[in-house]
Amino acid sequence: MDFKSAKELLVLCQQEQCLISEIMRRRECILGETTRDMVDHRMARALEIMRNSATQPLKNPTKSMGGLIGGEAKKLSAHAAKGKAICGDVLVKAMTYAVAVLEVNASMGLIVAAPTAGSAGVVPGLLLALQDCYKISDARLIDALFNAGAIGYLAMRNATVAGAVGGCQAEIGVAAAMAASATVELMGGTPEQSLDAGSTVLMNMLGLVCDPVGGLVEYPCQNRNAAGVANALIAAELSLSGVHQLIPFDEMLATMYAVGRRIPIELRETALGGCAVTPSACEICGRCS
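The text that follows walks through the structure, step by step, so that each part is easy to find. (Residues numbered from 1 in each chain as written. Predicted model: local features only at pLDDT ≥ 70, side-chain atom pairs only at ≥ 80, totals over all residues. Heavy atoms only, no water.)

**Considering the pattern of salt bridges**
Using the following cut-off: In what follows, salt bridge is the name for a side-chain nitrogen of Lys or Arg lying within 4 Å of a carboxyl oxygen of Asp or Glu. Runs of E in the DSSP output that reach at least two residues are strands. Runs of H or I that reach at least four are helices, and both are numbered from the N terminus.
By the definition in use, this model includes 12 salt bridges. When the shortest N-O distance is used, the salt bridge between R27 and D2 registers 3.3 Å. Of this pair, R27 sits in helix α2 (residues 20–31) while D2 sits in the segment before α1 (6–16), placing them 25 residues apart in sequence. The residue E22 makes a salt bridge to R36 at a minimum N-O spacing of 2.9 Å.

Structure (structure tokens):
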């Protein structure tokens, strides 16, 4: 079960006649020398933390440590409650949950890095929104998280999830690929369609730079988590509709990594370029310091 590539993962799915989530669950049991109940229990705990971080700011908005964000999730929720949202129910809920998680992270609250703290809102944002809109059980959401974990593992093993190494395409991009793949499985898609969706996300977010204002994981990170759920939803919809991705996930992951290594150092989490050096950003940081 210790697959090293998406290609090997698909072979296992075909041989065992099961979904990506089940292969990943078995892998965790074997390599962790533990039981199925134990790995499910751990994933259930991760889901609990995700849900808490996605919903807490809707009731009690908290200003971030750097003072750049706080209260955005409640604003989105109130906007939707007034019937003014122009996005569909799934997307507006996913955006709301995603920015909420970043608010919790930036105020030193408890989150699940998925795969990083700066991209922690994408996976729970989309999956919890789907649960709300489609009345999906926690058990099925846990399956989806195992699927997402498989994608995150492949990215960690064969590329990077660090903004300092590969830019924001490696953080938000991989988070969105995880969410897209998990969404496809959750909504009845095949392992091939899950990986197609992950590949499409990486393609769509290729080259995204990491340029945190003031060097803080707050802005534009929070907005990009919202953009990440939108990208994941688009990729999942394309894949579920039968639109095939021409470039396999392994190749797109390698491409993302190669592009990331070529992004100038100023645009890889150093706060020396991009949004971080705009006049407004510099003024805000001066005011916050």
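**A word on the environment of N223**
If you trace the backbone, N223 turns up in helix α11 (residues 221–240). A sequence separation of 200 residues divides N223 from I23, and the C-alpha atoms of the two residues are 33 Å apart.

**What about the side chain of S194?**
To be explicit about the condition: We call two residues in contact when some of their heavy atoms are within 4.5 Å.
Relative to the helices and strands, S194 is located in helix α10 (residues 191–204). Among all residues touching S194, those that are not within four sequence positions of it are I20, N147, S181, V184, E185 and S239.

**A short note on the layout of surface pockets**
Rules: Both cavities and pockets are sets of points on a 1 Å grid over the protein atoms alone; in a cavity a 1.4 Å probe fits but cannot get out, in a pocket the set is open with protein on both sides within 12 Å along at least five of seven lines, and lining residues sit with an atom within 4 Å of a point. Grid points are joined across faces, edges and corners, and a volume is the space filled by probe spheres set on the points. Put simply, Ala, Val, Leu, Ile, Met, Phe, Trp, Tyr, Cys and Pro go in the nonpolar bin, Asp, Glu, Lys and Arg in the charged bin, and everything else, Gly too, in the polar bin.
In this structure, the largest pocket spans a volume of roughly 220 Å³. Breaking the lining of the largest pocket down by element, the ones donating at least two residues are α1, α10 and α12 (249–262). Considering only residue class, the lining of the largest pocket consists of seven nonpolar, two polar and four charged. Considering the residues around the second largest pocket, the lining is formed by 14 residues, among which V112, A113, A114, G149 and M178 are closest to the centre. In terms of residue count, the dominant contributor to the lining of the second largest pocket is helix α7 (residues 138–158) (five residues).

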